[in-house]
Amino acid sequence: MKNNRIVIFDTTLRDGEQCPGASMNLREKLEVARQLARLQVDVIEAGFPVISEGDFTSVQTIAREVKGPYIAGLARCVPKDIEAAGAAIKPAGKRGRIHVFLATSKIHREFKLGKPQDEIVRLAVEGVKLARSFVDNVEFSPEDGSRTEPEFLVRVCKAVIAAGATTVNIPDTVGWAMPEQFGELIARLYQVVPEFQSGAAVISVHCHNDLGLAVANSLAAVRAGARQVECTINGIGERAGNASLEEVVMALKTRADYFAGVDCGVNTREIVKSSRLVSRMCGLLVQRSKAIVGENAFAHASGIHQDGVLKKRETYEIMDPEEVGWGATELPLTKHSGRAAVASRLKTLGFKLTEGDVAAIFARFKDIGDKKKFVYDDDLAALAGGHITEVPETWSLDYLGVSSGTQMVPTATVRLRHIVKENAGKEIEVMQDAGTGDGPVDAALKAIDRLTKTHGTLMDYSLRAASKGKDALGEVTVKVDFGDRLLVPGKGASTDIVEASARAYLNAVNRYLISGKEPKVSSEP
Ligand code: KIV
Ligand code: ZN
């Protein structure tokens, strides 16, 4: 009989972070990992340790600090990768997992690896054995599994399980599979590999969304016997993304009848919070009509629907919004709220902050509290988001004045504080510049460029209201190219959207300046 527990393997911090423009730093990853633990996912794939020192440190820190889920590190079937993954996940002890992968499809074997089938099997087996010398919990992924000849895939699965793999994950790496076909493939593997039936090894799936079928394929696989699903919050990931965790989990829960009672351990009430945190931390907005977590997911526009919902919610709602964390009542803070109240609310929101962070956020809170009547949780989270950057504020905004209108040339005056020397001999210089632009944001950013002696091209700019009301905080996210074709993210929030833009841009400048000290190697496996 099939076991009914579905393992939720979250790869937001690994495959999700491979999404162009979604990179996060250590502090941001740690906040996301802590939230994933509150969401009660079973496994957090925290990164690809061999890729860079930064990735190694994030996996190691998450393995040390985040309790609850298993912590996995990705590795190619190459000793240096596996050794790095083994070292990075070590602090997780028995909760550590090494995830090794190697491409198995004909096209990858011939054109990418130049290796015959026998060699692929040998390398996969060696990789798994080496990983087992570090941990008992080893996952193997035959990359491009869905396009691999089924007979060969069976051979690979049996060989890696014999070598010690405890989970075998079948990736639809390029999002090529169709649900029925993918389900049949998983059913076949389930039938011919005895360890999948006995539960000695777990069969997993990892679906990409190139044809918009990642969730459908994952669910078809569950029906066919898959007992681990790999997914990401908001479906972020390489190219068109991965299967979205919230959709997979809520489909399993809402249609438990169809899935014959399979279950997962996710605390669904943490879903919306997780979605917002990930969106904020990696600077990728969630589309309004996105299932479960989009702003419109439970908004009924037509009169007939509204009437129906008022009479009986279930007429037009298949899920209770509160079940996924929408609509939790909140008591907004005001300018009269003290530091302890702000600190306690930040803690409730899930942020783990130092005294220094709280002091800095409280100063901004006071500033904002003077301008708007209520400071909602989302406003506060937006302010905190700007501080979880772990980027030293080499340049910070001291003053901004703008004038613009329909009949005048927009101008901006910007005064910045520049930390020239750190710590005891801390030296700060204050510099000012003014200029024009085709709008107030352009004028302000040009002045920042001149003062900081950088030259950034704004590749992406988005503005959204952090909370509700005309006086909501504007939250700006930018992606800036400083000349080396890397997109440097930045974020800022304020009731004034020009100020929020200047803060976001300065945040990118500061990130760019420290990134010079820690170059990141390409993440191409
Ligand atoms: O898409 C893929 O094949 C992957 C593997 C590393 C599992 O991300
Ligand atoms: Zn992937």
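Values in this document were obtained by computation on a predicted structure and should not be read as measured data.

Take the coordination of the zinc ion (ligand 2) next. Those donors, D15 (OD), H206 (NE2) and H208 (NE2), are the protein atoms that reach the zinc ion (ligand 2), and they lie 2.0 to 2.1 Å from it. In the primary structure, the donors to the zinc ion (ligand 2) are separated according to the pattern D-x190-H-x1-H. With D15 in the loop between β1 (7-10) and α1 (26-39) and H206 in strand β7 (residues 202-207), this residue pair connects regions lying 191 residues apart in the sequence. Taken individually, D15 and H206 each receive the classification buried, so the pair is uniform in this respect.

Taken together, R14, D15, H99, F101, S141, E143, N169, P171, T173, H206 and H208 make up the full set of residues adjacent to ligand 1. Contact between ligand 1 and T173: an oxygen atom at 2.6 Å from a side-chain N or O atom of the residue. Elements that contribute at least two residues to the shell around ligand 1 include exactly β4 (96-103), β5 (138-143) and β6 (167-172). Class assignment for the residues of the shell around ligand 1 results in two nonpolar, six polar and three charged.

Attention shifts here to α1. Every α-helical turn comprises 3.6 residues, leaving residues that sit three or four positions apart pointing alike. The end-to-end C-alpha distance of α1, which contains 14 residues, comes to 20 Å, matching closely the 20 Å that a straight helix rising 1.5 Å per residue would cover. The element α1 is largely enclosed, with a buried count of 12 among its 14 residues. Among all positions of α1, only R27, E28, K29, L30, E31, V32, A33, R34, Q35, L36, A37 and L39 are buried. Backbone nitrogen of R27 and a side-chain oxygen of the N-cap are separated by 3.3 Å at the start of α1; the cap is N25. Two residues or fewer after α1 comes Q40, characterised by a positive phi angle close to 65°.

A large share of β6 lies buried, amounting to six of its six residues. Bridge count for β5 against β6 is two bridges, and the pairing is parallel. Bridging from a neighbouring strand, E139 pairs with T167 of β6. Handedness of the β5-helix α6 (residues 150-163)-β6 crossover: right-handed. Two elements, β6 and β7, share six bridges in a ladder whose sense is parallel.

Let's shift gears to the packing of aromatic side chains. Within the structure shown, the criterion is met by six aromatic pairs. For the pair F48 and F101, a centre-to-centre distance of 6.1 Å together with 70° between the ring planes defines the contact as edge-to-face. Taken as a pair, F48 in the loop between β2 (43-47) and α2 (53-65) and F101 in strand β4 lie far apart in primary sequence, 53 residues in all. Above the ring of Y258, the side-chain terminus of R223 is found at 3.8 Å from the ring centroid.

Here the focus is the sheet that holds strand β3 (residues 70-76). Read around the closed barrel, eight strands run β1-β2-β3-β4-β5-β6-β7-β8, paired in parallel fashion. Taken over all neighbouring pairs, the strand axes of this sheet differ in orientation by 25° on average, direction set aside. Here β3 runs beside β4; their pairing, made up of six bridges, is parallel. Looking at the pairing, A72 lines up with R97 of β4. Contacts between helix α5 (residues 117-132) and the sheet are confined to β4 and β5, with β4 contributing the most and set at about 170° to the helix.

Our next topic: the side chain of S204. Take S204: it is sitting in strand β7. For S204, a relative accessible area of 0% corresponds to the buried category. A polar side-chain atom of S204 sits 2.7 Å from a polar atom in the side chain of N169. Other than its neighbours up to four places away in sequence, S204 contacts T167, V168, N169, I170, Q228 and E230.

Glancing now at the nonpolar core. Counting 119 residues, the largest nonpolar core has V100, F140, I170, F196 and F351 as the members making the most contacts within it. Considering each element in turn, this core owes the most residues, nine residues, to α6. Apart from residues lying up to four places away in sequence, F196 is in contact with C157, I161, V168, L189, Y190, A201, V202 and I203. In terms of nonpolar packing, the next biggest core, distinct from the first, is built from 24 residues, A444, V480, V488 and A508 among them.

End to end, α2 covers 18 Å across 13 residues, agreeing with the expected 18 Å (1.5 Å per residue, within 8%). Of the positions making up α2, those classed as buried are D55, S58, V59, T61, I62 and A63.

Turning our eyes to something else, we now look at the side chain of E230. Mapped onto the elements, E230 comes out in strand β8 (residues 228-231). Buried within the structure, E230 lacks any salt-bridge partner; R14 is the closest side chain of opposite charge, at an N-O distance of 5.3 Å. Of the polar contacts made by the side chain of E230, one reaches the side chain of N169; its length is 3.3 Å. Residues contacting E230, with those up to four places away along its chain left out, are F9, H99, E139, N169, S204, V205, H206 and A243.

This next bit is on unusual backbone geometry. Positive phi, normally seen in glycine, also occurs at R239, with a value near 50°. Owing to a relative accessible area of 41%, R239 belongs among the partly exposed residues under this scheme. Although it is not a glycine, K453 sits at a positive phi angle of roughly 55°. Among the structural elements, K453 can be located in the loop between α16 (440-452) and β12 (457-465).

Below, the discussion takes up the domain arrangement of the chain. When cut into domains, the chain gives domain 1 (7-282), domain 2 (295-327), domain 3 (339-370 + 378-385) and domain 4 (395-514). Between the C-alpha centres of domain 1 and domain 2 there is a distance of 33 Å. Taken together, the eight residues of domain 1 in the interface contact eight residues of domain 2. A buried area of about 720 Å², summed over both sides, lies between domain 1 and domain 2, and 57% of it is on carbon and sulfur atoms.

The next thing to look at is a nonpolar patch on the surface. A grouping of L458, Y461, L463 and I497 is seen on the molecular surface, where their side chains present a nonpolar patch of about 310 Å² in accessible area. Here the nonpolar patch takes three residues from β12, the largest share from any one element. Tracing the chain through its elements places I497 in helix α17 (residues 497-515).

Cut-offs applied
Residues numbered from 1 in each chain as written. Chains lettered and ligands numbered in written order. Predicted model: local features only at pLDDT ≥ 70, side-chain atom pairs only at ≥ 80, totals over all residues. Heavy atoms only, no water. Donors = N, O, S within 2.8 Å, 3.2 Å for Na, K, Ca; no water. Helix = DSSP H or I, 4+ residues; strand = E, 2+ residues; numbered from the N terminus. Buried < 20%, exposed > 50% of the residue type's maximum accessible area, 1.4 Å probe, protein only. Near = heavy atom within 4 Å. Polar contact = N/O pair within 3.5 Å; in protein donor to acceptor, adjacent residues only side chain to side chain. Nonpolar A, V, L, I, M, F, W, Y, C, P; charged D, E, K, R; others polar. Expected span 1.5 Å × (residues − 1). Pairing = 2+ DSSP bridges. Right-handed = clockwise from strand over helix to strand, strands pointing away. Phe/Tyr/Trp six-rings, centres within 6.5 Å; stacked < 30°, edge-to-face > 60°. Lys NZ or Arg CZ within 6 Å of the ring centre and 35° of its normal. Axes fitted to C-alpha atoms, helices over the stretch in contact; angles between N-to-C directions. Contact = heavy atoms within 4.5 Å. Core = buried A, V, L, I, M, F, W, Y, C linked by side-chain atoms within 4.5 Å. Lys, Arg positive; Asp, Glu negative; His and termini not counted. Salt bridge = Lys/Arg side-chain N within 4 Å of Asp/Glu carboxyl O. Domains from an automatic or database assignment. Buried area = accessible area lost by both parts, 1.4 Å probe. Patch = residues over 30% accessible without salt bridge, like charges linked within 9 Å, V, L, I, M, F, W, Y side chains within 5 Å. Areas by Shrake-Rupley, 256 points an atom, 1.4 Å probe, with all protein chains shown as cover.

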